[in-house]
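Report on the structure
One letter stands for each residue in the lines below.
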Amino acid sequence: MSYFIVSISNGGGAPEQAYRKMQSAGACPERPYAEMFKFEVPSLTVGTLDTLMTLSDDLGKTDSIVEQTVRKIEKTTAELFDRKSSELTVGGVPAMRYIQQFAWDSAKYPNRRPLKELVAMIAGGAAGIEEELKQLTASFVDKQAALQDAKRKSGGNLMVADLNDVLDEETMRQVKVLDTEYLKTVFVAIPKGAKENFESSVYGLANDVVGYGGPDWSNDPTKLGEPIAFGNQIDRQKVVGSPVVPDSVQLVKTDDESILYAVTILKGEYEAGHYEGSEFKAGIFKDFEPEFGKACREKRFVLREFKWDPSQASKSAMAREQLQVEVDGMKSALMRWCKTHYGDAFVAWMHIKAIRVFVESVLRYGLPVDFTSVLYKVNIGKESQLTQALDKTLGSGAEIVDPDENDDEYHDFVLLKFDP
């Protein structure tokens, strides 16, 4: 649906004459190209000609920015709520009816304020609405993603599901789980088709991580086992291997897509310490689990972050329910926000258009302010015919504020086109 806002000079005559002239141009039985409505533009504070010319250049950008805010609210409503933007209203009435009944809101936008201030006020308000929408939408999307992730974990296979939801006490009683100073049992999930590959390679995973090298006793076996300071003179990496403890792999659970194993690994090792004078400096502890996890990923195995907690299953269910409540609440609040602020943004957009018509008309027809403007609701497929009829009836030699690429004519009226 296209709309034209058109203004022509009264030429010292009565506004009713200009109104009838524009009606006969394209909204009469002989030329049924559109419906026509009055588009009242108040007398605004003109200022200087230089100010108007500068404002004319800036208004097109401001118009686009405010329209963008309107479109983003429409898009949010359509995408998040599966609703048509036609359900959004402006002050309780459909947007199309608001356009056709447009009246300047002097309480919101005092027409005696300088035009530059009015435009800045409208643009600032639209920018604030857009920023708030951005923040609210981001919060809602994040919360929705958290809910989807929780649902995925509760209903997914062993590679993604929350293991506290899918494992029970009877299953865990069959699993030997260690968490000592030196050993830790971790859980690895694999695709069901990778069972043979996993069981044949698990004891070689991360086989370059653990340094098993030690002192060479072959030259002096008499001191074997006695405390002796080797420090950083020993190359532990001379002999390396996997942190997986032999014969520690346990099958925990299977489902249609995946298998879960428990694997006991060495927790880590300290690098060799050394003395600085008489003071001993302990070596840095090297944790083997991250390297083991990296080796698993390279094989498309998943090292699960999991600690058995029999009460966690009910906690997870309650957490999902709470997330669902929060998502529903945020969705309702965002919908209310969109309904409220859509009207504010749309009103701002139409007032920018009214200011554009005023500025272009004053620049074209001069002072004192003496023009009449109307709104055409263009009938489907009649845009080109209406443009030609206006040019023929209202004369030639003026300007289109928002021309189409193929509009080369120079019209004797101000014409602003838009699609709400």
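Predicted model, so just to flag it, every value in this text is computed and none were measured.

Okay, the packing of aromatic side chains next. Enumeration over the complete set of coordinates arrives at 12 aromatic pairs. For the ring pair Y98 and F102, a centre distance of 6.0 Å and an interplane angle of 90° mean the geometry is edge-to-face. Neither residue differs from the other here; Y98 and F102 are each classed as buried. Between W349 and F418, the ring centres sit 5.9 Å apart and the planes meet at 75°, which makes this aromatic pair edge-to-face. Note that W349 is positioned in helix 9 (residues 312–365) and F418 in strand 19 (residues 414–418), a separation of 69 residues in sequence. The class for W349 is buried, based on a relative accessible area of 0%. By way of ring pairs, the aromatic residues Y3, F39, Y98, F102, Y342, F346, W349 and F418 are connected into one cluster. The positively charged end of K38 is found above the aromatic ring belonging to Y19, 5.5 Å away from the centroid.

Within the chain, residue pLDDT values average 88, and 90% of them lie at 70 or more. With pLDDT under 50 throughout, residues 403–411 is counted as low confidence; its partners more than four residues away or in other chains account for 19 contacts.

With 57 residues, the main nonpolar core has I73, L115, F346, I355, F358 and F418 as its most contacted residues. Put simply, the parts of the chain that give this core at least two residues each are strand 1 (3–9), helix 2 (49–81), helix 3 (95–100), helix 4 (115–155), helix 9, strand 17 (371–378) and strand 19. Of the residues forming this core, the biggest block, 20 residues, is contributed by helix 9. With residues up to four places along the chain from it excluded, the contact list for F418 reads M1, S2, Y3, I5, I99, W349, M350, K353 and L375. One finds V6, A25, Y376 and L390 within the second-largest nonpolar core, a separate group that totals 19 residues.

Attention now goes to the pattern of salt bridges. With the rule as written, the count across this model stands at 16 salt bridges. K108 is the salt-bridge partner of D344, the closest N and O atoms lying 3.6 Å from each other. You can see D344 sitting in helix 9 and its partner K108 sitting in the loop between helix 3 and helix 4, a full 236 residues away along the chain. Residues joined in a network through salt bridges with shared partners are D63, K353 and R356.

The next subject is the environment of G128. When you line up the elements, G128 lands in helix 4. Accessibility expressed as a relative area gives 39% for G128, which makes it partly exposed. Linking G128 and L158, residues 30 residues apart in sequence, is a C-alpha distance of 46 Å.

Buried within helix 8 (residues 289–298) we find F292, G293, A295 and C296. An end-on view of helix 8 places all buried positions within 160° of arc, on one side of the element. Residues of helix 8 that are exposed and point over 90 degrees away from its buried face: R297 and E298. Elements in contact with the buried residues of helix 8: strand 7 (183–191), strand 11 (258–266) and strand 16 (302–304). Just downstream of helix 8, R300 is the residue with a positive phi angle, here 65°.

It is worth spelling out the sheet that holds strand 11 at this point. Spatially, 10-11-7-16 is the arrangement adopted by the 4 strands of the open sheet, whose pairing is antiparallel. Both edges of this open sheet fall to strand 10 (250–254) and strand 16, since each of them pairs with a single strand only. When the angles between neighbouring strand axes are averaged without regard to direction, this sheet yields 35°. The sheet contact formed by strand 7 and strand 11 spans 9 bridges and is antiparallel. Paired with L183 across the bridge in strand 11 is L266. The strands touched by helix 8 are strand 7, strand 11 and strand 16; relative to strand 7, the strand with the most contacts, the crossing angle is about 15°.

Following L367, the chain continues to P368 via a peptide bond in cis, the omega torsion being -5°. Along the polypeptide, P368 turns up in the loop between helix 9 and strand 17. You will see that D247, though not glycine, has its phi angle at about 60°, which is positive. Secondary-structure assignment places D247 in the loop between strand 9 (240–241) and strand 10. The residue R300 is not glycine, and still its phi comes out positive at about 65°. Exposure remark for R300: the relative accessible area of 69% places this residue in the exposed category.

Packing of helix 1 (residues 15–26) against helix 10 (residues 383–394) leaves a shortest axis separation of 8 Å and a crossing angle of 135°. Relative to helix 10, the element helix 1 is oriented oblique. For helix 1 against helix 10, the interelement crossing comes out right-handed. Residue-level contacts link K21, M22, S24, A25 and G26 of helix 1 to L386, A389, L390, T393 and L394 of helix 10. Residues of the contact of helix 1 with helix 10, tallied by class, amount to 6 nonpolar, 3 polar and 1 charged.

How each quantity is defined
Residues numbered from 1 in each chain as written. Predicted model: local features only at pLDDT ≥ 70, side-chain atom pairs only at ≥ 80, totals over all residues. Heavy atoms only, no water. Phe/Tyr/Trp six-rings, centres within 6.5 Å; stacked < 30°, edge-to-face > 60°. Buried < 20%, exposed > 50% of the residue type's maximum accessible area, 1.4 Å probe, protein only. Helix = DSSP H or I, 4+ residues; strand = E, 2+ residues; numbered from the N terminus. Lys NZ or Arg CZ within 6 Å of the ring centre and 35° of its normal. pLDDT = per-residue confidence, 0-100. Contact = heavy atoms within 4.5 Å. Core = buried A, V, L, I, M, F, W, Y, C linked by side-chain atoms within 4.5 Å. Salt bridge = Lys/Arg side-chain N within 4 Å of Asp/Glu carboxyl O. Arc of directions from axis to C-beta. Pairing = 2+ DSSP bridges. Axes fitted to C-alpha atoms, helices over the stretch in contact; angles between N-to-C directions. Parallel < 35°, antiparallel > 145°, perpendicular 65-115°, else oblique. Left-handed = near helix turned anticlockwise from the far one by under 90°. Nonpolar A, V, L, I, M, F, W, Y, C, P; charged D, E, K, R; others polar.

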